[in-house]
Each structure stands twice: as structure tokens, then as C-alpha cells.
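If you want the building blocks of each chain, they are given just below.
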Amino acid sequence: MHLYGTQSINERGHLAIAGVDTVDLAHTCGTPLIVYDIALFRERAKAFKETFKSMGIQSQVAYASKAFSSIAIYEIAQQEDLSLDVVSGGELFTAVAAGFPRERIHFHGNNKSYTELQHAFDEKIGCLVIDNFSEIEMVKEIAEMRKEKMNVLIRVTPGVKASTHDYITTGQEDSKFGFDLKNGQADEAFLQLFNHPYIGLLGMHCHIGSQIFESDAFRLAAEALMSKMISWHEMHNFVCPVLNLGGGFGIRYTDEDKPLEPSAYVKEMATIVLSMTRNYNYPVPEIWIEPGRSLIGDAGTTLYTVGSTKEVPGVRTYIAVDGGMSDNIRPALYGAKYTAVTANRMNEPQSNRVTIAGKCCESGDKLIEEAYIAKTTYGDILAITCTGAYGYSMASNYNRLPKPAIVFCENGEKQLVVRRETYEDVIRLDIPLQKVKWGEKI
Ligand SMILES: Cc1ncc(COP(=O)(O)O)c(C=O)c1O
Ligand SMILES: N[C@@H](CCCC[NH3+])C(=O)O
């Protein structure tokens with residue numbers, strides 16, 4: 001059994017996180033409940049920052065908040081001196097509500113609306129990561145109208161195909177994101193942006209995908225971007241002050257996953273950048289990264305209560321829990337694998353082979369196809385580890401299930417940071433028939 005971060009087995013034989021008994025938490029807060037180990041998040045953030053510091057490189061480490069967005073986690077990110085990657089008006093709104101320093105907010109997205117872009121100008125955010133030609137038009141128009149400057153990065157696709165699930169690769173040429181580096185689009189974007197009076201062109205950005213283990217892919221991407229920056233220097237005498245190499249560093253969900261330490265990937269990329277700048281006598285750019293999963297993924301654990309058990313003789317045993325694809329769509333969407341433990345029976349052998357099913361009305365609603373847990377009965381508490389990234393942030397109200405509550409644990413203390421949805425919340429936006437006439441203000 002792999003224990004992440006501050007996870008331990010306490011004297012009652014229960015799973016504890018930061019010294020807090022998860023079984024007690026489940027009983028007081030209800031389930032499903034997502035519990036975050038905040039010390040682990042902080043440790044990861046410090047490791048990334050330290051890596052750059054030890055190499056003498058100026059950097060920004062931006063938390064890719066699509067992995068898990070909430071006011072409280074933005075507050076922690078701020079405490080750790082992280083920057084913030086937001087990808088929608090909603091994430092920007094959350095950042096503003098959290099009082100996040102605007103100058104460290106980076107706004108991404110392949111289809112930012114005019115209103116979202118205006119919101120970014122209103123808030124005077126740190127930079128826009130420009131994704132396509134229509135965005136260039138809009139940003140120039142807004143900047144010229146307001147006579148206000150905006151810093152930008154050009155997002156490029158470096159033509160690197162990383163080995164991960166097809167749905168989460170983004171660095172290949174056939175991608176909806178960014179300007180292609182090889183077919184001239186990135187150069188054209190550069191020409192449209194670099195001499196504009198209201199555009200502060202900071203440099204280039206790429207993100208090749210998510211849950212990637214091979215360092216080669218990251219190295220190739222860094223090389224491709226550096227080469228392009230060097231060519232812009234040679235042709236236009238333009239030096240990019242910033243190189244943003246994205247996120248995507250893979251983490252360990254099960255015994256099959258063998259990632260490097262997240263900061264090791266960063267070190268490899270930074271080493272390439274340093275050697276190319278040396279070889280071409282190019283000033284070392286500030287390097288920005290934007291990890292999501294590798295900052296928050298293994299800090300999250302979801303607690304469920306065991307409900308029904310169904311045995312299909314000679315085939316399998318289904319253990320059903322009180323959540324499912326509504327709070328974690330990843331197994332159904334990507335075939336993602338997870339590990340579970342019976343949180344109230346940690347000293348018993350976790351060797352009983354079962355399939356953990358959710359409660360949604362879908363045969364595909366299985367959280368773990370092949371789990372090994374202690375023998376469980378109705379009412380036991382099951383913990384699925386490593387659910388901190390892209391779980392809650394991709395949650396839905398399918399079957400009108402309310403979304404879980406979220407608790408942060410640190411140094412023996414616990415704190416509710418997201419309330420559990422109620423049925424009233426779930427129907428809040430419904431309008432019963434004939435209560436209002438079309439056109440009336442609602
Ligand atoms: C542009 C961008 N940056 C950063 C990330 C964060 O990726 P990860 O959570 O894999 O670190 C993503 C998601 O894949 C992304 O699309
Ligand atoms: N949602 C994906 C990652 C995509 C990240 C955004 N580009 C996952 O759960 O693995």
C-alpha cells in the first residue's frame with residue numbers, strides 16, 4: 001500500500017491525512033468527501049521553485065488551476081508565491097474573489113470571448129496566452145480602444161506527440177490549441193504582435209499534454225521553442241524575456257506508474273534552455289511552468305461510504321459507493337486507473353479483489369475495475385487516493401447527484417473549504433413551467 005504525503009495509519013487502524021482521522025471526517029462531514037493534504041501541495045510548490053533557484057534561473061511557477069479551482073486553493077497558491085493559470089472567465093472570477101495578485105495571473109484558452117478578454121483588461125492581469133489569430137484581432141482592438149497595454153505570450157504547438165491518452169495530448173500539429181511552429185503560423189503571429197504599441201510581447205508558450213512520463217518529449221519541446229526564439233532574434237533582433245514550457249508532468253496513480261520527481265522534468269528542460277542560450281549567446285529567459293496535476297493530484301483523496309455489494313459468481317464482486325462518475329469522470333472518460341484502500345480497516349490485508357462501482361445509472365460508472373481492498377461491508381469507508389486533480393473540477397450533477405464537500409487538512413487541523421451541494425442547490429436554476437412569461441426578467 002502506497003501512502004502519499006502525510007497519509008498514515010493511526011492507532012485506530014484508520015487512514016489519517018495530516019494527522020486527521022479520515023473515518024471521523026467521513027462521519028462528521030458525510031461522503032463523498034474530498035480531503036486535501038495541504039502540506040503536500042506546499043512541498044511540491046516549493047520543490048518546483050527551488051529547482052529554478054538552484055539553477056540560478058528566474059522563474060514563475062503557475063498553478064494550472066483547471067486541475068482544482070476554489071477560492072481556498074488560490075489562497076494557498078498565493079501563500080506559496082505561485083502564479084496562477086486560469087482558462088476561463090469563471091476561473092478568473094474565482095481568482096479575483098480570492099484576492100489573487102492580478103499581475104501573476106496568466107489567462108489561457110483557445111476561444112476566449114470578447115467579454116472574457118475585457119475582463120482580463122479590467123483586472124490588469126499579468127498576461128494573456130494568445131492562442132489564435134482571431135484572439136490577436138480582439139486583443140489589439142481592445143488595447144487600442146482602451147489605450148491600455150497588455151502583456152502576451154504566443155502559444156505554439158511544437159509538433160511533439162507525447163505518449164499519453166489521445167484526449168490529453170496538445171503539442172501535436174493537429175491540435176485545437178495554439179499556432180503551429182512549423183507551418184509559419186507562429187511566425188505570422190509574432191509579426192502581428194511584436195511591434196504593437198499596446199502589446200508587450202513576452203515570448204512563447206507551449207504545453208504538450210498531460211500525465212506525461214517521458215522526459216524526451218519535454219526536452220524536444222523546449223528545444224523547438226528555443227530554436228524559434230533564436231531565429232526571431234536573428235531575423236528581427238527580438239529577445240523573448242519569457243519562455244513558458246507548460247505543465248503535464250505525470251504522477252503516480254497506481255503501482256504501474258513510475259514517474260520521475262516532478263521537478264526532475266523541469267530540471268531537464270531548464271538544462272536544455274541553458275545550454276542553447278550559451279551556444280547561441282542568447283540571454284537566458286525567465287522560465288515559466290504551469291503544473292496542475294503534479295502540484296495537486298496526489299494531495300487529494302476521496303472518501304466514499306460503501307453501499308451495496310453484488311457478486312456475479314465466477315466473474316467479479318461489485319462494491320458500490322455513494323459517488324462515482326459524477327465526482328470523478330476520469331475512469332469513464334480516459335480509462336484512468338486509481339488505487340483504493342478501506343480507510344477504517346487499514347491494518348487488514350488490502351487483498352480482496354473487487355470492482356468499485358459508482359451509483360450513477362451507467363454500466364460504465366466504475367471507479368476502479370480491479371481494486372484490492374480489505375474485506376468491506378455496508379457502511380465502511382473507502383478511500384480512493386490521488387483524486388486531487390481533474391476530479392472535482394470535472395464533476396457534474398449527473399443523475400442530479402449533489403457535488404461533494406471539500407476539506408483541507410494540515411498539521412492536525414481540518415477546514416471545510418467547499419460546502420457539499422444540497423438538493424436545493426441542484427435545482428436552484430430550474431424554472432417551473434408557466435411561472436414566468438417569455439421576456440419577463442428572471
Ligand atoms: C495550457 C495548459 N497548461 C497547463 C496544464 C496543466 O497540465 P497538468 O495538470 O498535466 O500539469 C494544462 C492541462 O493539460 C494545459 O492545457
Ligand atoms: N482533464 C485531463 C487533463 C487535461 C488537462 C487540461 N489540458 C485529465 O483529467 O487527465
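Since the structure is predicted, the reported quantities are computational estimates derived from the model, not experimental observations. (Residues numbered from 1 in each chain as written. Chains lettered and ligands numbered in written order. Predicted model: local features only at pLDDT ≥ 70, side-chain atom pairs only at ≥ 80, totals over all residues. Heavy atoms only, no water.)

The subject of this paragraph is the sheet that holds strand S3 (residues 20-21). Taken together, 3 strands build an open sheet; the order of strands is S1-S2-S3 and the sheet is antiparallel. Here the strands that pair on one side only, and so sit at the sheet edges, are strand S1 (8-9) and S3. Note: strand S2 (residues 15-17) against S3, 2 bridges, orientation antiparallel. Following the sheet pairing, Ile17 is matched in S3 by Val20. (Pairing = 2+ DSSP bridges. Helix = DSSP H or I, 4+ residues; strand = E, 2+ residues; numbered from the N terminus.)

Attention now moves to the packing of aromatic side chains. Inspection of every chain in the model, using the stated rule, returns 14 aromatic pairs. Aromatic side chains Phe249 and Tyr265 sit 5.9 Å apart centroid to centroid with 5° between the ring planes, which places their arrangement in the stacked category. Of this pair, Phe249 sits in the loop between strand S12 (242-244) and helix H9 (262-280) while Tyr265 is found in helix H9, placing the two residues 16 residues apart along the sequence. Across this residue pair, the class does not change: Phe249 and Tyr265 are buried. Connected via pairs of aromatic rings, a cluster forms that spans Tyr36, Phe68, Tyr392 and Phe408. (Phe/Tyr/Trp six-rings, centres within 6.5 Å; stacked < 30°, edge-to-face > 60°. Buried < 20%, exposed > 50% of the residue type's maximum accessible area, 1.4 Å probe, protein only.)

Now for the site of ligand 1. Taken together, 15 residues lie around ligand 1, and His207, Ser210, Glu290, Arg293 and Tyr390 are the ones closest in. Contacts to ligand 1 include His207, whose side-chain N or O atom sits 2.7 Å from an oxygen atom. Within the backbone of Gly248, one N or O atom sits 2.8 Å away from an oxygen atom of ligand 1. For ligand 1, whose unbound accessible area comes to 390 Å², protein coverage reaches 92%. Class assignment for the residues of the shell around ligand 1 results in 3 nonpolar, 7 polar and 5 charged. (Near = heavy atom within 4 Å. Polar contact = N/O pair within 3.5 Å; in protein donor to acceptor, adjacent residues only side chain to side chain. Areas by Shrake-Rupley, 256 points an atom, 1.4 Å probe, with all protein chains shown as cover. Nonpolar A, V, L, I, M, F, W, Y, C, P; charged D, E, K, R; others polar.)

Our focus in this paragraph is the nonpolar core. Counting residues in each nonpolar core, the largest one holds 109 residues, and the members touching the most others are Tyr63, Ile73 and Leu128. By residue number, the principal contributor to this core is helix H8 (residues 215-236), which donates 9 residues. Among residues more than four places away in sequence, those in contact with Ile73 are Ile38, Phe41, Tyr63, Phe68, Ile296 and Phe408. If you look at the next biggest cluster of nonpolar residues, it comprises 18 residues, including Ala18, Ala26, Ile381 and Ala383. (Core = buried A, V, L, I, M, F, W, Y, C linked by side-chain atoms within 4.5 Å. Contact = heavy atoms within 4.5 Å.)

According to UniProt, the "modified residue: N6-(pyridoxal phosphate)lysine" (unreviewed entry) feature falls on Lys66. Residues within four places of Lys66 in sequence aside, it is in contact with Asp85, Val87, Glu91, Tyr390 and Ser393. A distance of 3.4 Å separates the side chain of Lys66 from the side chain of Asp85, its partner in a polar contact. (UniProt positions renumbered as here; feature names shortened; annotations may be inferred.)

To continue, consider the layout of surface pockets. The volume enclosed by the second largest pocket comes to roughly 570 Å³. Taken together, 24 residues make up the lining of the second largest pocket; nearest its centre are Thr254, Tyr338, Thr339, Ile368 and Glu370. For the lining of the second largest pocket, the secondary structure elements donating two or more residues are helix H11 (330-334), strand S16 (340-342) and strand S18 (366-373). No other element matches S18, which puts 7 residues into the lining of the second largest pocket. Looking at side-chain class alone, the lining of the second largest pocket contains 11 nonpolar, 6 polar and 7 charged residues. (1 Å grid on protein atoms, 1.4 Å probe; cavity = no way out; pocket = protein on both sides within 12 Å on 5 of 7 lines; lining within 4 Å. Points joined across faces, edges and corners; volume = space filled by probe spheres on them.)

This paragraph deals with the site of ligand 2. Residues in close proximity to ligand 2 total 8 residues, the closest being Arg293, Arg330, Tyr334, Tyr390 and Met394. Between Tyr334 and ligand 2, the recorded distance is 2.9 Å, taken from a side-chain N or O atom to a nitrogen atom. The fraction of the free accessible surface of ligand 2 (310 Å²) that becomes covered by protein chains is 83%. Of the residues contributing to the shell around ligand 2, the split by class is 4 nonpolar, 1 polar and 3 charged.

What follows concerns the pairing of strand S13 (residues 286-289). Across 3 bridges, the pairing between strand S5 (residues 59-64) and S13 is parallel. Note that in S13 the partner of Gln60 across the bridge is Trp288. Bridge analysis of S12 against S13 gives 3 bridges, and the strand direction is parallel. Following the sheet pairing, Val242 is matched in S13 by Glu286. Following the backbone out of S12, through H9 and into the adjacent parallel S13, one traces a crossover that is right-handed. (Right-handed = clockwise from strand over helix to strand, strands pointing away.)

As for its placement among the helices and strands, Asp430 is situated in the segment after helix H12 (423-426). Within the structure, Asp430 has its side chain in polar contact with the side chain of Arg400 (distance 3.0 Å).

Take the side chain of Asn132 next. Within the fold, Asn132 resides in the loop between strand S8 (127-130) and helix H6 (133-146). From its side chain, Asn132 meets the backbone oxygen of Asn110 in a polar contact 2.9 Å long. In this structure the side chain of Asn132 is engaged in a polar contact, spanning 3.1 Å, whose partner is the side chain of Ser134.

Per the UniProt record, "active site" (unreviewed entry) is annotated on Cys361. In this fold, Cys361 is placed in the loop between strand S17 (352-357) and S18. Discounting residues that sit within four places of it in the chain, Cys361 has contacts with Tyr398 and Asn399.

Take the packing of helix H5 (residues 114-123) against H6 next. One can describe the packing of H5 onto H6 by two numbers: an axis separation of 10 Å at closest approach and a directional angle of 45°. In terms of orientation, H5 lies oblique with respect to H6. Of the two elements, H5 crosses H6, and the hand of that crossing is right-handed. Between H5 and H6, the residues in contact are Tyr114, Leu117, Gln118, Phe121 and Asp122 and Glu135, Met138, Val139, Glu141, Ile142, Ala143, Met145 and Arg146, respectively. Of the residues in the contact of H5 with H6, the class split is 8 nonpolar, 1 polar and 4 charged. (Axes fitted to C-alpha atoms, helices over the stretch in contact; angles between N-to-C directions. Parallel < 35°, antiparallel > 145°, perpendicular 65-115°, else oblique. Left-handed = near helix turned anticlockwise from the far one by under 90°.)

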